[in-house]
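Here is how the chains run, residue by residue.
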Amino acid sequence: MKNLGDIMKQAQQLQQRFQEAQERVTALEAQGQSGGGMVKVTLNGRGLASAIHIDPSLIDPKDSGMLEDLLRAAINDARAKVDALMQDEMAKVTGGLPLPPGMKF
C-alpha cells in the first residue's frame, strides 16, 4: 500500500492535469451548421457563441420560424461537437477512465 504522501502527490498531479485540460477546453471552438451550411454557429469550450453566420437569402420577415429552427439546429450541432471535444480532453487526463456520475468537467 502506498503511503499518504505518495497519494497526496498523485492527487496534486491529477488536479494540475485537470486544470490544464480546463484551460485547453476553454480555448476550443466548434462550428455547428444547418440548412446545408446556410446557418453556422461557432461555440467556444464554455458553450458561448463566438460567431454566427446567416445566409442573407434566409432572412424573410414573413417566415422567421424557419430561420429560428435552422439557428436552433446549428446551435445544437455546435454544442454536441463542443461536448465531444470536451470528452476527448477528459479522456486524455483520466486515461480513458470514466468520471463518477455527477462529476462535471
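Look above for the structure.
Residues numbered from 1 in each chain as written. Predicted model: local features only at pLDDT ≥ 70, side-chain atom pairs only at ≥ 80, totals over all residues. Heavy atoms only, no water.

S.K.: Got a minute to help me understand the packing of helix α1 (residues 4-27) against helix α2 (residues 64-94) in this structure?
M.R.: Running from amino to carboxyl end, α1 crosses α2 at an angle of 160 degrees, the nearest separation of the two axes being 10 Å. On the basis of their axis angle, the class for α1 and α2 is roughly antiparallel. You can see that α1 and α2 cross each other, and the crossing is right-handed. Contacts between α1 and α2 involve L14, R17, F18, A21, R24 and V25 from the first element and M86, E89, M90, V93 and T94 from the second. (Axes fitted to C-alpha atoms, helices over the stretch in contact; angles between N-to-C directions. Helix = DSSP H or I, 4+ residues; strand = E, 2+ residues; numbered from the N terminus. Parallel < 35°, antiparallel > 145°, perpendicular 65-115°, else oblique. Left-handed = near helix turned anticlockwise from the far one by under 90°. Contact = heavy atoms within 4.5 Å.)

S.K.: When you look at the pairing of strand β1 (residues 29-34) in this model, what are you seeing that I'm missing?
M.R.: It is a general feature of regular strands that their side chains alternate between the two faces of the sheet. Of the two faces of β1, the one lined by A30, G32 and S34 is fully buried and the one lined by E29, Q31 and Q33 carries no buried residue. Note: β1 against strand β2 (residues 39-44), 6 bridges, orientation antiparallel. Counterpart to G32 in the pairing with β2 is V41. Remark: 4 residues form the turn of the hairpin made by β1 and β2, two consecutive strands paired antiparallel; G35 in that turn has positive phi of roughly 60 degrees. (Buried < 20%, exposed > 50% of the residue type's maximum accessible area, 1.4 Å probe, protein only. Pairing = 2+ DSSP bridges.)

S.K.: Sorry if this is basic, but what is going on with a nonpolar patch on the surface here?
M.R.: Together, L4, I7 and M8 make up a nonpolar patch on the protein surface, roughly 300 Å² of accessible area in all. If you trace the backbone, I7 turns up in helix α1. You can call I7 partly exposed: its relative accessible area is 40%. (Patch = residues over 30% accessible without salt bridge, like charges linked within 9 Å, V, L, I, M, F, W, Y side chains within 5 Å. Areas by Shrake-Rupley, 256 points an atom, 1.4 Å probe, with all protein chains shown as cover. Salt bridge = Lys/Arg side-chain N within 4 Å of Asp/Glu carboxyl O.)

S.K.: What's the story with α1 in this structure? I'm lost.
M.R.: Given 3.6 residues per helical turn, the α-helix brings residues three or four places apart onto the same face. Across its 24 residues, α1 extends 35 Å between first and last C-alpha, which sits within 8% of the 34 Å expected from 1.5 Å per residue. Looking only at α1, the buried set comprises F18, A21 and V25. Looking at the buried positions of α1, the neighbouring elements they touch are α2. By the N-cap criterion, in which a side-chain oxygen at the helix start approaches the backbone nitrogen of a residue two or three places on, α1 is capped by N3, the distance to G5 being 3.0 Å. (Expected span 1.5 Å × (residues − 1). Polar contact = N/O pair within 3.5 Å; in protein donor to acceptor, adjacent residues only side chain to side chain.)

Bear in mind that shape data such as this cannot, by itself, settle questions of function.
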